[in-house]
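Coordinate analysis (summary)
This is what each chain is made of:
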Amino acid sequence: MSRPAEKISTPDDPVARLAERLSFKYRSRITGELVVPPRNGRYADLPADLDPRLRQALAARGIQRLYSHQAEAWRLAREGRHFVVVTPTASGKTLCYNLPVLQSAMQTQAKALYLFPTKALSQDQVAEILELNQAGDLGVKAFTFDGDTPGDARKAVRTRGDIVVSNPDMLHQGILPHHTKWAQFFENLRFVVIDEMHTYRGVFGSHVANVIRRLRRVCRFYGSDPLFIFASATIANPAELASALLEEEVAAITESGAPAGEKRLLLWNPPVINPDLGIRASARSQTTRIARAAVKTRLKTILFAQSRLMVEVLTKYLKDVFDRDPRKPARVFAYRGGYLPTERRATEQKLRKGDIDCVIATSALELGVDIGALDVCVLNGYPGTIAATWQRLGRAGRRNRTALGVLVASSAPLDQYIVRNPEFFLGASPEHARIDPDQLLILLDHVRCAAFELPFNEGENFGRENLLELLEYLAEQGIIHREGERWHWTADSYPANSVSLRSVAEGNFVVVEITDGRQGIIAEVDFSSAPMTIYEGAIYMVQANPYQVEKLDWEGRKAFVRRTRADYYTDAIDYTKLKILDDFARDSAPGAECARGEVHVVRRIAGYKKIRYYTHENVGYGNINLPDQEMHTTAVWWQIQPEVLERAFPSRQQALDGFLGAAYALHHVAALRTMAEPHDLGRAVGDGDARWFATVDAGGRGQIRGDDGKVITADSQGRFRPAVFLYDNYPGGVGLSTPLYEQRHEVVQAARALVGACDCRFGCPSCVGPILASDEERGYSPKAAALRVLELFHGRAQD
Amino acid sequence: MAGLKTKLGLLQKERGLPPPAPASAPATNAAPASSPVKRLADRLRDLRAPSTAPPRSARAVPSAEEMAERLGGVAIAPGLVQVERRVPLDGRHGKQPLTALRDAVDLPDAPMAAPHGWLFLDTETSGLSGGTGTVAFLLGLARVEKHELVVRQFMLTAFAGEPALFEAAKSWFDEAEAFVSFNGKAFDLPLLATRARLNGRHVALDKPHLDLLHATRRAFASRWDDCRLATAERRLIRFEREHDLPGALVPEVWFGFVQRGETARIPAVLEHNHWDLVSLAALLPILHAVHQEPGAWESDILAVARSFLRSGDEPRAHRLLAEHEAMLTPDGLRELAWLYRRRGDWQQACALWSRLAGAGCVESIERLAKYHEHVVGDFTTALAYAQRLGDAHEARRARLLRRLRD
C-alpha cells in the first residue's frame, strides 16, 4: 500500500554495517558487488472516475494517491485492454487489479475470477479484499474456492461470490467440468486475474495455457468475454508470456512507482582449499557462516537451498547453533514443499509476527506468500535462473533500510561461471519464460477435458494444431463419438481427474510415521521425486529430524518411516540409458555429427550413499529396488566418426572420459543457453542403440555397462561410437530440444570456453565434473580429453 | 517450439508431401488416412500407454424409428423414442398392493402433494462421475392417472435427440407438484439440470423433492447392510426381478449402442428402469407405513421418531416412542424420558429413569439426583443417587450434605 518513501540507509543501519563487515573481512571471496540505490516513489492522483466508496475505503487505509503503475493499470482496465503488471514484491501490485474489479463489481455486478498458484496465496488475497471491503462498506463478496471449501458452502460461493479466488488446478478439476453449476457466474464474468504469472512456465505453464483455452471456451458458451489481468515477478518477456498464455495481445506495465530501500548484493565464491584439484570449500559451510553472523546481530534472515535435502542439512547445522536449549522457543525453522499445509501456515504466521530469526527454505517461499519483511537473504547456490535469483533476493528488503543479499556459489559449473563472470550476471536480463501449449500430450489431455465440458463442433479450434486429427484419435479410442457435426463425450470417466497440471505422473506419496506404534502422516512427496527420496533405507528429514524409511509401498503410494538417531544422511545414485528412435534433423561437421530426434530414456535408481554429517565422508552404500522410470522424449546428441575417434585418442577409456567430461560441461552450458533450469534437461553418454551406456565409477573413471547393467570393457565393443545426449526431461518433450539444436554451435563453443578457461589442472566440478586425486596417476588429463572431444564435435578433426 | 505441426511437417517432408496447411481450416486439410494421421496416432501411442479400448468397426446406429419398433414405443423426434406403459393400481408389485398409492403420504420430510401430483423419476446415465460429460440417455417418469400408474420413458437414440427429450418431458415436469426419486437429490436432478442447461432448455426442476433414499436410510441404516433400492425392493416390497441388468453395466450398453449400433441389451435397460420406477412408486406407501408403525417393519424406531422431532412434530415423536416402549433400546428410553420431562410428566420420566438407573445408566442416575434435589427438594434421596455417581459429582454431593445439615 502506498506510503511516502522514508529515510534510507543511515550509518547505524545494522544491515549496512553487516554488509560492510563481510565485504571487508572476506574481500578475497567476494567476486562482485552490486548496490541498487534506494528509489523514490512516483505517484498519481486517484482516478477521477473512481467510485466514491472505493475512494473512502482507500482513505481509511491511508491511501490518498496511487503509485504510477497502479494508475496505469486503472487506465488500461477502463479501456478494456488485457494487461500484465510486472513490479517487485511489496509494490502494491494487488491494487492494480483490485481497484478495477471492485469498481465493476459495485457498479455493474460484474464477477471476477482470481487464480493463484497456491491455496495459501488465495487466502492472503481474500483477507486483503475483505479489509478494503470493510473499510469502505463496499458490499462486495469474495470467497476462496478450493479443495478446502466445505461442500455446503460451495453453492453459496457459486451463486453469491462477486470475486471467486481459486487456483488453476481447481479451475481445471472442480469448476470447468461442472460449469453448468456456475452458469450465472460465467454469464457475468468480466475479469480474470492471474497472479504470480511467472510460475506458469514450462510444463505447468503449458498446462495452464490450455486451462485458459478451456475457460474461454466455456465463457463463449455463456456469452461472456472477460478481461485478463496478469501480475508477475520480473522475467524478461512478461508481455510475451502473457500473450502466449492468452493467445491475444497483452499490454505490459513494467515500471514500478513504489519506493524501495537500498539493496546490496554480494557474489561469494568459497575459498579454494585444494588448488591442485580445484576443490573449493563447500557453499554450505559459507552459507552457515554468513547466516550465523546475521542471526547473531539479530537480523531476520532467510536462506534458500536448492534441494529439500539441503534445507534439512542447513537447518540442522543452524539449529545446532541457535536452538540448543529445548526449553526456549525455536529460532530456526525449515520451510519446504512436502511439509503439511498446517505446519507451513504456522511457520508463515510466526514469520509475519517476527518470531523467527532464521528460515531455511526451498523455492516454495519464492512466491508471494506474505511473510513480512526480512533483512538478509543468503542463496546457497545459484538458483539456476536469473529471474529466480532476483525473486528470492526480493524476500529481503524493507522500505526504510538496506537489504543484503549474498549469492554463495557452489562448485557447480553454472555457479562458478556466474561468480567468475559477475558482469554476466549483474548485467544480464532475466530469462525468458517459455511455454509450449501445443505439446502433443498436454494438448491431447486438454482436448479430452474440453470435450467432456462441451461437445466439440466441426470447424472449432483448440490450440494451434489440427484439432480434427486429435478428435479422430480420441474417437478411435472410443472416448468421444462423432455424430453429425459434433463430437460427444462417450466414456464413463471424469478426465480432469487423471490430468495433473503440475507433473507428469499422478499420485503423491504420503510419509507415514510408525514410531512407537503411531500411524500419522508427517509429509507428502510428489511422484517424480519419490524414487530419489523415500526408497527403503533412506533417511528422510522433517524440520531436521531424521526418519528412516522402513517400507515403501509403491502401489499404495506410502512410505513408512521411523524416528532414528542416525548420524548420516542418504543420497541416491541414478543412471540413465537411452535409445534413439528417430531423428528429425542432422547436421554434419567434418568427422562429427549433431542430431535432434526422438529417444527412449530409461532411468534406474540403483542405490544410495550414506554420508556422515559434518565430515561428509561416505560411510556406506545401500541398494534400491524400484521400477525403472521410462519415457519417450526428444533429445539432441553429438557423435564422432569411429575412425576419427580412434585416431584422436590413444585408448577408448580416454575417449570415454572425454565424452563424460564434455557431457558435464555441455549440460550446464545448454541449460544456461536454452534458459531452462538444469533439471529440465537430462544428460547421458552411451551408444545410440542402447547397447551400452556410461557411468562414472566410485573412482571417478568412466565405465561402460551393458544392457543388463553389468560392467563391460570399451575395447570389447566392435565399433565404438559413443554419443553425448542432452534430452528434454519430460515425456514427449516440452520443446527444449529445438532451441538447443538451433544453438548447437554456440553450446559447444561455450562448453569449450568453460573447460578451457578453468583454473584447475586435470578437471574439477566446475568444468568436467569431479576428478579424484588418483587421476594424476592416470597419465592423462580428463580435462584435456573433454576439450579434445568438444573440439571434435566442433568439426576440428584435422587439427 | 516443436509440436505436432513441426513433427508432422518433418514427417511429411520425409515422405515428400507438402507441409500441413494452418490448423484454422482443419476440415479441409485432413490428410489421407494412410499417411501422417496414422503416424500421429502411432506416435501418440508410443508416448502413452496403449488404450484399453481396441479400435472397432462400427455398425450404423439404428434410427429412432427402428428402435421405436423394437421397443414398442413411438419415435417422437429424430433421436428420441418414447415408450409408455400403464400399470393398473389394483394389482400388486411384489407383495405390495399399488392401491395404496391413492392415499395421502405422511413423512417427516415429505412435501404436500396430492397422490396424482407426485412425479416418480429415475434416469439411466453414461456414468456416475457427474460433471457435464455425463449424459442421461434414458429419462424414466411415472405418475398416477386415475386407476393406473403411467410409466413414460424417453430414450435417446442419438445425442441430437436431447433437446427434444426435454421438450417432450416438459408437460409432465410442469404439471408435477413434487418429485419422488431414489438418490435423485444428489444425482439425477443435478444431472438433468446440467444437461438441460447445456442444451439451452429450461425445465421446471426447482420443485419439492422427496428422496426416498433418505427416508430408507433413516429407518433402516442401522438394520441393513446397505440401503440400495434393490435391497428395499427385496426386503420391503418382496419383489424379485428376473434377469435384471446390473446397473453397473448400463453405461457400457449405451456406449455399445451409440458407438457400434449394438441393440441387444437396450430392452434390458428399459426394463431395469421400468422396474426401478414401479418399485419407487410401491416404496412410497410402504415408507409411509414404516413411519406410522415403525415396530411392525423392524425399523429403527428411535431414528424415525427423531426425524419427526427434527421436523417439529414432537407429539408424533412422543407417540411413536410411547407406543413402542417395550421395543426401545436404552437410547430410545432416554429419548422418551426426556420427552416426558419436557411436557412436565415427571412421573413417567422418573419411572423410565429408574428403570435405566437400575441397569446402571449413569445419565439417568444423574437426572434422578437432579430431579430429587431441584424439583422435589428431597435431599436424602438426591444424595443417595449422587453417591452412585463418579468423582465429577463431588460438588453435588458436598452441596447436598450441606443442605441436609442446614
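The structure presented is a predicted model; accordingly, all values stated were derived computationally and were not measured.

Turning our eyes to something else, we now look at the overall build of chain B. The secondary structure content of chain B amounts to 16 helices and 9 strands. Expressed as a percentage of its 406 residues, the buried residues of chain B come to 40%. Residue pairs at least 24 apart in sequence account for 61% of intrachain contacts in chain B once pairs closer than 6 positions are excluded.

Below, the discussion takes up the overall build of chain A. Scanning chain A for helices and strands turns up 24 helices and 35 strands. In terms of overall dimensions, chain A is globule-like: its C-alpha atoms have a radius of gyration of 28 Å, near the 28 Å expected for 799 residues. Its C-alpha atoms give chain A principal-axis dimensions of about 85 × 80 × 60 Å. The buried share of chain A, taken over its 799 residues, is 53%. Considering only contacts within chain A whose residues lie at least 6 apart along the sequence, 72% involve residues at least 24 apart.

Before going further, it helps to spend a moment on the nonpolar core. All names here are of chain A. Formed by 146 residues in total, the largest nonpolar core has its most connected members in Ile-534, Ala-665 and Ala-751. The biggest single contributor to this core is helix 21 (residues 652-673), with 13 residues. In this structure, Ala-751 is in contact with Ala-662, Ala-665, Leu-666, Val-669 and Leu-790, ignoring residues within four places of it in sequence. Counting 104 residues, the second-largest nonpolar core is a separate cluster that includes Tyr-67, Cys-96, Leu-138 and Phe-452.

With that settled, the discussion passes to the sheet that holds strand 23 (residues 520-525) of chain A. Two pairing modes exist for strands in a sheet, parallel and antiparallel, and in both the strands are linked by backbone hydrogen bonds. Residues and elements named next belong to chain A. The strand order across the open sheet built from 5 strands is 23-22-26-25-24, with neighbouring strands paired in mixed fashion. The open sheet has two edge strands with one neighbour each: strand 23 and strand 24 (539-542). When the angles between neighbouring strand axes are averaged without regard to direction, this sheet yields 40 degrees. Of the strand pairs in this sheet, strand 25 (residues 545-553) and strand 26 (residues 558-563) are connected by 6 bridges, and their pairing is antiparallel. Along strand 26, the bridge assignment pairs Lys-551 with Phe-560.

What follows concerns the confidence of the model for chain B. Parts of the prediction with low pLDDT should not have their coordinates interpreted in detail. All names here are of chain B. Counting all residues, the mean pLDDT for chain B is 84, and 85% of those residues have values of 70 or more. The model gives residues 1-38 a pLDDT under 50, and that stretch makes 58 contacts with residues more than four places away or in other chains. Within the model, pLDDT remains below 50 along residues 49-55, and this stretch shows 5 contacts once partners closer than five positions in the same chain are excluded. Interface confidence in the predicted complex, given as ipTM, is 0.82; pTM for the same model is 0.79.

All names here are of chain A. Neither face of strand 7 (residues 163-166) is open: one carries Ile-163 and Val-165, the other Val-164 and Ser-166, and all of them are buried. Sheet topology places strand 5 (residues 111-115) next to strand 7; 4 bridges connect them, and they run parallel. In the strand pairing of strand 7, Leu-113 is matched with Val-164. Pairing geometry for strand 6 (residues 142-144) and strand 7, over 3 bridges, is parallel. In the sheet register, Thr-144 faces strand 7, and the bridge partner there is Val-165.

Residues and elements named next belong to chain B. Residue Asn-183 is not a glycine yet carries a positive backbone phi of 70 degrees. Locating Asn-183 in the fold gives a position in the loop between strand 8 (178-181) and helix 5 (184-198). Within the chain, Arg-238 stands out as a residue other than glycine whose phi angle is a positive 60 degrees.

Residues and elements named next belong to chain A. On the secondary structure map, Pro-739 appears in helix 22 (residues 737-742). Residue Pro-739 is classed as partly exposed on the basis of its C-beta count, with 18 C-beta atoms lying within 10 Å. The spatial distance from the C-alpha of Pro-739 to the C-alpha of Gly-688 is 22 Å, given a sequence separation of 51 residues.

Let us look at the environment of Glu-646 of chain A. Examined against the element boundaries, Glu-646 of chain A turns out to sit in helix 20 (residues 642-648). As a C-alpha pair, Glu-646 of chain A and Lys-710 of chain A span 64 residues in sequence and 24 Å in three-dimensional space.

A word on the environment of Val-253 of chain B. All names here are of chain B. Here Val-253 is to be found in helix 8 (residues 250-260). It is 8.7 Å that separates the C-alpha atoms of Val-253 and Ala-264, two residues lying 11 residues apart in sequence. Apart from the residues within four sequence positions on either side, Val-253 is in contact with Arg-265, Ile-266 and Val-269.

With that out of the way, let us pick up the sheet that holds strand 11 (residues 263-268) of chain A. Residues and elements named next belong to chain A. Taken in spatial order, the 7 strands make up an open sheet running 1-11-18-17-14-16-15, and their pairing is mixed. In this open sheet, the two strands that pair with only one neighbour each are strand 1 (30-36) and strand 15 (332-335). This sheet shows a mean twist of 15 degrees between the axes of neighbouring strands, independent of strand direction.

In this section: the packing of helix 14 (residues 362-376) of chain B against helix 15 (residues 379-387) of chain B. Residue and element names in this part refer to chain B. Their axes nearest at 8 Å, the elements helix 14 and helix 15 cross at an angle of 160 degrees. Our classification of the angle between helix 14 and helix 15 gives roughly antiparallel. Relative to helix 15, helix 14 is oriented so that their crossing is left-handed. Together, Ile-365, Leu-368, Ala-369, His-372 and Glu-373 of helix 14 and Phe-379, Thr-381, Ala-382, Tyr-385 and Ala-386 of helix 15 make up the contact between the two elements. For the contact of helix 14 with helix 15, a count of residues per class yields 7 nonpolar, 2 polar and 1 charged.

Cut-offs and rules
- Residues numbered from 1 in each chain as written.
- Chains lettered and ligands numbered in written order.
- Predicted model: local features only at pLDDT ≥ 70, side-chain atom pairs only at ≥ 80, totals over all residues.
- Helix = DSSP H or I, 4+ residues; strand = E, 2+ residues; numbered from the N terminus.
- Buried ≥ 20, exposed ≤ 12 C-beta atoms within 10 Å, placed from the backbone.
- Contact = placed C-beta atoms within 7 Å.
- Rg over C-alpha atoms; globule rule 2.2 N^0.38 Å.
- Core = buried A, V, L, I, M, F, W, Y, C linked by C-beta atoms within 7 Å.
- Pairing = 2+ DSSP bridges.
- Axes fitted to C-alpha atoms, helices over the stretch in contact; angles between N-to-C directions.
- pLDDT = per-residue confidence, 0-100.
- Parallel < 35°, antiparallel > 145°, perpendicular 65-115°, else oblique.
- Left-handed = near helix turned anticlockwise from the far one by under 90°.
- Nonpolar A, V, L, I, M, F, W, Y, C, P; charged D, E, K, R; others polar.

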